[in-house]
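# Notes for the structure review
Spelled out, the chains give:
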Amino acid sequence: MKDQLVLLTGATGFIGGRLLRRFHEQGIRVRCLVRSPKKFQTLYPNLSDIELAEGDLVQGTGLAEALQGVQASYYLVHSMGPSPGSAGKGFAEKDRLAARNFRRAAEEAGVERIIYLSGLGEQGSGLSTHLSSRQEVGQILASGTVAATELRAGVIIGSGGASFEIIRYLTERLPVMVAPRWVDTRCQPIYVENVLDYLAGCLEVPETAGQIFEICGPDQFSYRELMLTYARVRGLTRFILTVPVLTPKLSSYWVQLVTPIPGSLVQPLIGGLKSEVICLDTRIHDLIPVRLIPMEEAICTALSEEEQGPGALPSRQACLFRE
Ligand SMILES: NC(=O)c1ccc[n+]([C@@H]2O[C@H](COP(=O)([O-])OP(=O)(O)OC[C@H]3O[C@@H](n4cnc5c(N)ncnc54)[C@H](OP(=O)(O)O)[C@@H]3O)[C@@H](O)[C@H]2O)c1
């Protein structure tokens, strides 16, 4: 496996950056497709030995060069961030374009596998534009000749992850929170290192090729319970009151006021909170056995990795001491 060349997209992001460091430690040959090599070098000054290819999935630039000689590729991008180019297009349209460009280029380059991290949520249950778009990308990637694996995750707990940062800022800053009814929607969050276990595991387990899997942590929570679990880990007393009149749009304005997460990301994420995001399919457990990290431990570890903002703990030791 170490002989194969792996192309990583999204390496400057939350998931891609962590997967890159894991592969680097394991000595796996990685090439990263990035929009800005300068941003990559600033983020990872110690990874100067990583091969970079400059390109843009939505524009369709740099893909042939990036995929040349590649056996397996990771698709870890979305267009919800404040991004340059393609002005006027919504994120779903950009993501559709990006997936088509990538699939076509991967086919032409003779890539064997695409491994894609998607979003959980049952189709037909009023899925939000964001979650539908994530699954549409999976369909586009799988519709060619390259074997695509789609891993569907809900909330991912880890320092720097958009969903986790929203939970952190809201719970830290608001002793009494007035929330819409969606706080009682169920979710099954997963710790980011477990997501990496599955993503990396797919490369080693050929049976995962051409399949869709759901990946979740060990326990289900409502969003209310999740925020109260966060508060318990931090020793905070918090109250969450539900009011029926708060619409997702109003809630997203409110979240943008209280957290530093950009509106382009908050709005689609909040729109998705009305859908349950729990795992109904557990087939992945047989193919890639993983020790799933319990939520309190996941939150503790995430906080000890935070470098700034409320709740950041100085070290993992400090976090364990609080338990
Ligand atoms: N975070 C979660 O809680 C979560 C949960 C479930 C699923 N996922 C899925 O996991 C995947 C990765 O998410 P993330 O949280 O790691 O996102 P992220 O931190 O926002 O990173 C997004 C990455 O995509 C890159 N990118 C965006 N547009 C691009 C383009 N046109 N061409 C090339 N690269 C582009 C960005 O590069 P720049 O640095 O140039 O902007 C960045 O590296 C996504 O598919 C997402 O839906 C995430």
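Everything here concerns the structure above.
Read on for an overview of the structure. (Residues numbered from 1 in each chain as written. Predicted model: local features only at pLDDT ≥ 70, side-chain atom pairs only at ≥ 80, totals over all residues. Heavy atoms only, no water.)

### Some details on the pattern of salt bridges
By the definition in use, this model includes 17 salt bridges. Arg 22 serves as the salt-bridge partner of Asp 197, at 2.7 Å between the closest nitrogen and oxygen. Placement of the pair is Asp 197 in helix H7 (residues 192-204) and Arg 22 in helix H1 (residues 14-26), with a sequence separation of 175 residues. Judged by its relative accessible area of 17%, Arg 22 falls in the buried class. Look at the salt bridges and you will find they share partners, linking Arg 18, Arg 22, Glu 193, Asp 197 and Glu 305 into a network. (Salt bridge = Lys/Arg side-chain N within 4 Å of Asp/Glu carboxyl O. Helix = DSSP H or I, 4+ residues; strand = E, 2+ residues; numbered from the N terminus. Buried < 20%, exposed > 50% of the residue type's maximum accessible area, 1.4 Å probe, protein only.)

### Quick look at the nonpolar core
Counting residues in hydrophobic clusters, the biggest one holds 83 residues, and the most contacted among them are Leu 20, Tyr 74, Leu 117 and Leu 199. Here this core gets 8 residues from one element, more than from any other, and that element is H7. In contact with Leu 199, other than residues within four places in its own chain, are Ile 15, Leu 19, Tyr 74, Leu 76, Ile 115, Leu 117 and Leu 151. In this structure, Leu 5, Leu 63, Val 70 and Ala 105 belong to the second largest nonpolar core, which totals 25 residues. (Core = buried A, V, L, I, M, F, W, Y, C linked by side-chain atoms within 4.5 Å. Contact = heavy atoms within 4.5 Å.)

### Some details on the site of the ligand
If you check the shell around the ligand, you find 21 residues, and the closest are Thr 12, Phe 14, Arg 35, Lys 39 and Arg 134. For the ligand, an oxygen atom lies 3.1 Å from a polar atom in the backbone of Gly 13. Within the contact set of the ligand, an oxygen atom lies 2.8 Å away from a side-chain nitrogen or oxygen of His 78. A total of 910 Å² of accessible area belongs to the ligand in isolation, and the protein chains cover 86% of it. At the level of secondary structure, the elements contributing two or more residues to the shell around the ligand comprise H1 and strand S5 (113-119). Examining the composition of the shell around the ligand, we find that 3 residues originate from one element, S5, more than from any other. (Near = heavy atom within 4 Å. Polar contact = N/O pair within 3.5 Å; in protein donor to acceptor, adjacent residues only side chain to side chain. Areas by Shrake-Rupley, 256 points an atom, 1.4 Å probe, with all protein chains shown as cover.)

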